[in-house]
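Chain by chain, the residues run as shown.
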Amino acid sequence: MHQRWTLDGAWILGAAVVAAVLLVHLVGPQPYITGDEPRYVARALAWLGHADTVGGHPHASLHLIPIAPLIDVFGPTGGRAGAFAIAAVGFCLLLSMLRAHFSRWLALGAAVAVFATLPLLAFSWILYTEAWLFTALTVSWMLLGSRSRTWGHLALFLLSALILPFLHLRMGPASAALIALYIAGEISAERGLRSRRLVLKVAAIAASCAVALAALLAYQLWVSGQYFGSATATFSPTLDDVLPRLAVQLISQRHGLFIFNPLMIVALAGLVVGVLRRERLAVQGLVLLLAYAGTIAWSSAMESMPARFWCAAMPIFAVGLAIWVREQRTWCGHAVTAMLGLISAGMAVFYGFDPNAFLENREVSIIYDRLFDWFGLVYLPPWLAADPIFFLRGERSLGLEANAALLTRGGLVATALVVCLAAAATIRRPNRLASAFGAVSLVFLAAIVWQARAREVAAHEVAIHLSTAPAPGGRVLTLSFERPTKPLALRFEATLPHWHGGDYPEGFRLDVDHGDGRFETVDTIAARRLTMLPDIGAIARLRLTPTGPPKGTDTWTEGPVSVVAR
């Protein structure tokens, strides 16, 4: 234990990373005060007796207690600095835990890979509970893996595990999983239930859980009037929807973890590898991940930074990433890791320069659209699915079927990547078989790049005509291409909010001319600032006719229109 805390190069570099991230937060553009943050500011002041109207019960957010004085003195920025301090403590504890199982540099790399990238990069500077959940789960997991078996250690472990649902109800199953893992470990150590000491420990754990549950229910009744009122499920849990809802949390364009931090794909593969090799830490991580994922699948993070719900699980992904790097030996696996790592690092750099852009991916991927502006070559927005919650609101119902297909396709690709990568790292002999699985993973990524290859159509290659006589639902837009073109998307660059605003039509009727001089109707598509087109092949002309009731204004037509094509 003493050696683990010895000040060495890894700890010094880790401290430098924490300082660098803090500097980015302090001197870079500040994220908007958004979502529940205004309510949290009021509640923090209410804890100090300085606020009357807070929106909900003034004492409904326990995580604000330690940072309330900072908010009182320095405002929201002071509270955010307090949240960062909590996350930094979690980073140090995670690094210490990883060093007990991996080399110091591998442990540092894995800890930095989750701390200095999304989503933790964003939520370490926001007043949500995410920084607290990340740190609290790390503390509990550290204590779970400790060799100490004293009553004092048990008391600390129970305190850390049972406080989780008080911070947020979605941590309830993870808390139960931690306690179950502790009991299983004690039974294994005692080789059965015959030990009097073990019986007393189990009895103490059961009594503590009963008291904690009673306290939690009483607290929930106090702050919300219901037993579980402080957290609600956006979707009703059903077995049929488990995989689609998990896919939303992993690959949707707004809150999908793999979209904003694709390096976590190999981390998940590493966790699978560790489980197949029966590594205790990996098995614990998978149990915790499954327990936690069962709650977040039915929620929608809505107005918050990307992948919010995965912050608490970042210690698990750090373990998976460390196992992956340690076990991976094929050059294809290294290539996949490098490609995904570069994207994750690029997203982190993007966030440092423009954090608020990450709030705008409601119905289309503004982030990947901006990346296309910078780098060109690959245009991913048409292939990224949205959370179906946006299609359950009247005028947004267009595109639900196509979105479901995108979600299914993306989920299959992500699953295939994880399976192939895990197989490549698990199979040690023969090496050719491992290399084959690694090569398949690389082919998957190459296929995505090939499928999404794109260019912006030059102005001289397309003539854009806007009808002067308004159609029943608004003005008609016609595009005539200089040569047969396969368009992927239209980008309306009027100065409007990125999300679906009142100035956009309800939808567009899409008519195309394949070169014979006749228009034929293909489909009715959703109208967005970035309007995605179905696969219509090479065309000579394209016509968009607004559908639905007139909006009374055509502000969306006032800016330039550009075309992204294959």
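Preceding block: the structure.
This text gives an overview of the structure that appears in the document. (Residues numbered from 1 in each chain as written. Predicted model: local features only at pLDDT ≥ 70, side-chain atom pairs only at ≥ 80, totals over all residues. Heavy atoms only, no water.)

### Points about the pattern of salt bridges
Formally: Salt bridge criterion: a side-chain nitrogen from Lys or Arg within 4 Å of a carboxyl oxygen from Asp or Glu. Strands are runs of DSSP state E lasting at least two residues, helices are runs of H or I lasting at least four, and both sets are numbered from the N terminus onward. Burial classification: accessible surface area is computed with a 1.4 Å probe over protein chains only, and a residue below 20% of its type maximum counts as buried, one above 50% as exposed, and the rest as partly exposed.
Evaluation of the coordinates by the stated rule reveals 23 salt bridges. The partner of D354 in a salt bridge is R370, and the shortest N-O contact between them spans 2.8 Å. Of the two residues, D354 is situated in the loop between α17 (331-353) and α18 (366-375) and R370 in helix α18; the sequence distance between them amounts to 16 residues. The partly exposed category is assigned to R370, whose relative accessible area is 24%. The partner of D516 in a salt bridge is R518, with the nearest N and O atoms 3.1 Å apart. Owing to a relative accessible area of 45%, D516 belongs among the partly exposed residues under this scheme. Assessed through its relative accessible area of 54%, R518 is described here as exposed.

### Here we look at the sheet that holds strand β2 (residues 462-466)
The strands making up a sheet associate through hydrogen bonds between their backbones, and the pairing can be parallel or antiparallel. Quick reminder of the rule: A pair of strands is treated as paired once DSSP finds two or more bridges between them. The convention used is that axes are lines fitted to C-alpha atoms, helices contributing only their stretch in contact, and that angles between N-to-C directions extend from 0 to 180 degrees.
One open sheet accounts for five strands, arranged β2-β3-β8-β5-β6; its pairing is antiparallel. With one partner strand each, in any of the chains shown, β2 and β6 (520-526) form the two edges of the open sheet. This sheet shows a mean twist of 20 degrees between the axes of neighbouring strands, independent of strand direction. Pairing of strand β5 (residues 507-513) with β6 involves six bridges; the strand directions are antiparallel. The residue bridging D511 from the neighbouring strand is T521, located in β6.

### Describing the nonpolar core
To be explicit about the condition: To qualify as a nonpolar core, a set must consist of buried Ala, Val, Leu, Ile, Met, Phe, Trp, Tyr and Cys residues joined through side-chain atoms within 4.5 Å. Between two residues, a contact is recorded if the distance between any of their heavy atoms is within 4.5 Å.
M264 and W310 are the most contacted members of the largest nonpolar core, which totals 129 residues. Excluding its chain neighbours within four sequence positions, the residues that come into contact with W310 are P119, Q249, L250, H255, L257, L289, I296 and F317.

### Regarding the pairing of strand β4 (residues 487-492)
Consecutive side chains along a regular strand alternate between the two faces of the sheet. β4 sits mainly inside the fold: six of its six residues count as buried. Here β4 runs beside strand β9 (residues 561-565); their pairing, made up of five bridges, is antiparallel. Bridge pairing in β9 links R491 to S562. Note that β4 and strand β7 (residues 530-532) share three bridges and pair antiparallel. Residue pairing across strands places L490 opposite T531, the latter belonging to β7.

### Remarks on helix α1 (residues 9-27)
This is how the line gets drawn: Expected helix span is computed as 1.5 Å times (number of residues minus one). Working note: the arc is built from the helix axis to C-beta atom directions. Pairing of N or O atoms within 3.5 Å defines a polar contact, subject to two protein rules: one partner must be a possible hydrogen donor and the other a possible acceptor, and residues neighboring in sequence count only if both atoms are side-chain atoms.
In this model, α1 (19 residues) spans 27 Å end to end at C-alpha, consistent with the 27 Å of a helix rising 1.5 Å per residue. For α1, the set of buried residues is A10, W11, G14, V17, V18, V21 and H25. Down the axis, α1 shows its buried residues gathered within 115 degrees of arc, on one side only. Relative to its buried face, α1 has exposed residues pointing more than 90 degrees away, namely I12, L23, L26 and V27. Structurally, α1 contributes buried residues whose contacts are with α4 (76-99), α5 (104-115), α6 (120-123) and α17. Here α1 starts with a cap whose side-chain oxygen sits 3.2 Å from the backbone nitrogen of A10, and that cap is D8.

### Section: unusual backbone geometry
Look at the link from L118 to P119: it is a cis peptide, with omega at 5 degrees. We note that R278 has phi near 60 degrees; this positive angle belongs to a residue other than glycine. Relative to the helices and strands, R278 is located in the loop between α14 (263-276) and α15 (280-296). In this structure R278 comes out as exposed when scored by relative accessible area, which is 76%.

### Topic: the side chain of E186
Relative to the assigned elements, E186 resides in helix α10 (residues 172-190). Residue E186 is classed as buried on the basis of its relative accessible area, which comes to 9%. In this structure E186 touches R149, L198 and K201, once residues within four positions along its chain are discounted.

No statement about biological role is implied by the geometric values presented.
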